[in-house]
Amino acid sequence: MKAIAIIPGTVGTRIVDRPEPSITSPDEVKVKVKRVGICGTDREEVSGGRADAPDGQKELVIGHEMFSQVVEVGTSVTRVKVGDFAVFTVRRGCDQCAPCLMGRADMCQTGNYKERGIRGLDGYQTEFVVDKEQHLEAVGVLMEPLSIVEKGIEEALRLQAVRSPEAAITPAWIVGCRCLVAGLGPVGLLACMVLRLRGADVFGLDVVGVTSARPKWLNVIGGHYVDGRQVPADQVDKKIGPMDLLVDASGIAALEFNLLDALALNGVYVITGIPGGDHPLQIQGAELVRQLVLDNQVMLGSVNAAHGHFQMGADDLFQAHLRWGAHIGALITNRYSYSQFAESVTHHSPETIKEVIEWA
Ligand code: BGC
């Protein structure tokens, strides 16, 4: 079968032939891959950045945002049957620490986890995949990026419920809260969607024209676009006012620090964007720490997601469909065949939101 592979640490991709996997234990599920999303992590991997091949191999099959249909199940599998649609999650735990043993590999404490298509395990840009039933979740290709968003926002809201007297007694604390999401790629726009579903007043910051695809998508769900070329992150507070919750999905380290200027007293800031490269950055250390302490602020990083976050994502996608209908599917702007992967992963225009490879 065909697969798209990279050699970690080098630039470029190749189409390779791999043996079709088969079920070898009763708890495994075999799926036919239907489509696989492309994200910033894939782009970093193909440009020689963060990625590791499986032990003893040179190549890594890329891809971690998948959508597939079950074609065969092992004898002990109960949650899916042939013909069901499903996604496999990304991370596989170390099986040593408490979080991994509790099914929370996203919070692995040893750092010895693996990730399909990213770190030490082949990914999903291929025709068939076999994995264990325990790593299976239901529904579409937006589930993986949405699970990242669900985890980050849930962590931020839970922290507020512990820290803030109003948030502790008001389950609807987020309603009307001023939230800014930076970086309106798929993760950023899905964060805007989740926050709108929770009733927040949502601002989305990017550096594209107001009439381009991402600001337009944001507008339809009731968010306000902030053009970072006119209102840079460190002017947001002055020009638009302070934000109770910040979500970063930009992966640009300088912006990630500058955004702190927009955070309100007692605010919470969750970072999901993973910067590539190693450009040194000058930050005003004392000023930054002083602000965090004197303004009672939290800045937290959040990566990967647990099964519960996929479930929350499925519920939110359902709600979003009820509210905005086909607009949600319009997040997928470009569909390519696997032979166009190299071109799609390197060209990224302001008119594209989510790009996917159609396998079947
Ligand atoms: C993926 C996560 C993964 C993270 C770190 C992200 O792009 O969506 O599942 O944990 O990269 O590798």
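One can find the structure itself at the top, above this paragraph.
Reference entry: report on the structure contained in this document. (Residues numbered from 1 in each chain as written. Predicted model: local features only at pLDDT ≥ 70, side-chain atom pairs only at ≥ 80, totals over all residues. Heavy atoms only, no water.)

### Looking at a negative patch on the surface
So, point 1. A surface patch of negative charge is lined by D234, D237, D261 and E287.
So, point 2. Assignment of secondary structure puts D234 in the loop between β14 (224-227) and α7 (236-240). (Patch = residues over 30% accessible without salt bridge, like charges linked within 9 Å, V, L, I, M, F, W, Y side chains within 5 Å. Areas by Shrake-Rupley, 256 points an atom, 1.4 Å probe, with all protein chains shown as cover. Salt bridge = Lys/Arg side-chain N within 4 Å of Asp/Glu carboxyl O. Lys, Arg positive; Asp, Glu negative; His and termini not counted. Charge placed at Lys NZ, Arg CZ, Asp CG, Glu CD. Helix = DSSP H or I, 4+ residues; strand = E, 2+ residues; numbered from the N terminus.)

### Comments concerning the state of the cysteines
So, point 1. On inspection of all chains with the given rule, the structure shows zero disulfides.
So, point 2. Cysteine C94 shares no disulfide, and the gap to the nearest cysteine sulfur, in C97, comes to 3.7 Å.
So, point 3. Cysteine C177 remains unbridged, with the sulfur of C179 as its closest cysteine sulfur at 5.6 Å.
So, point 4. A relative accessible area of 6% means that C177 is categorised as buried. (Disulfide = S-S within 2.5 Å. Buried < 20%, exposed > 50% of the residue type's maximum accessible area, 1.4 Å probe, protein only.)

### Points about the packing of helix α3 (residues 143-163) against helix α10 (residues 307-324)
So, point 1. Contact pair α3 / α10: the axes reach a minimum separation of 8 Å and the direction vectors enclose 105°. Between α3 and α10, the angle is such that the two are roughly perpendicular. Every residue of α10 that contacts α3 at M143, E144, L146, S147, E150, K151 and E154 is listed here: H309, F310, M312, G313, A314, D316 and L317. (Axes fitted to C-alpha atoms, helices over the stretch in contact; angles between N-to-C directions. Parallel < 35°, antiparallel > 145°, perpendicular 65-115°, else oblique. Contact = heavy atoms within 4.5 Å.)

### Observations regarding the sheet that holds strand β1 (residues 2-6)
So, point 1. What the three strands build is an open sheet, ordered β2-β1-β4; its pairing is antiparallel. Edge positions in the open sheet fall to β2 (14-17) and β4 (60-61), since each of these has one partner strand only.
So, point 2. Of the pairings in the sheet, the one linking β1 to β4 comprises two bridges and is antiparallel in character. Pairing of A5 across the sheet is with V61, part of β4. (Pairing = 2+ DSSP bridges.)

### Topic: the sheet that holds strand β8 (residues 114-116)
So, point 1. Spatial ordering of the open sheet is given by β7-β8-β9, a layout of three strands whose pairing is mixed. Of all strands in the sheet, those bounded by a partner on one side alone are β7 (91-92) and β9 (120-121).
So, point 2. As defined by bridge partners, β7 adjoins β8 across two bridges and the pair is classed as antiparallel. Each residue of the ladder has a partner; that of R92, found in β8, is K114.

### Let's talk about the packing of aromatic side chains
So, point 1. Throughout the structure, instances matching the rule amount to two aromatic pairs.
So, point 2. Note on Y338 and W359: the rings are 5.0 Å apart at their centroids and 5° apart in plane angle, and the pair reads as stacked. Placement of the pair is Y338 in the loop between β18 (332-337) and α11 (341-346) and W359 in the segment after β19 (354-358), with a sequence separation of 21 residues.
So, point 3. A relative accessible area of 27% places Y338 in the partly exposed class.
So, point 4. Its relative accessible area of 11% is what places W359 among the buried residues.
So, point 5. Above the ring of F128, the side-chain terminus of K30 is found at 5.0 Å from the ring centroid.
So, point 6. R91 extends its terminal NZ or CZ atom over the ring of Y113, reaching a point 3.6 Å from the ring centre. (Phe/Tyr/Trp six-rings, centres within 6.5 Å; stacked < 30°, edge-to-face > 60°. Lys NZ or Arg CZ within 6 Å of the ring centre and 35° of its normal.)

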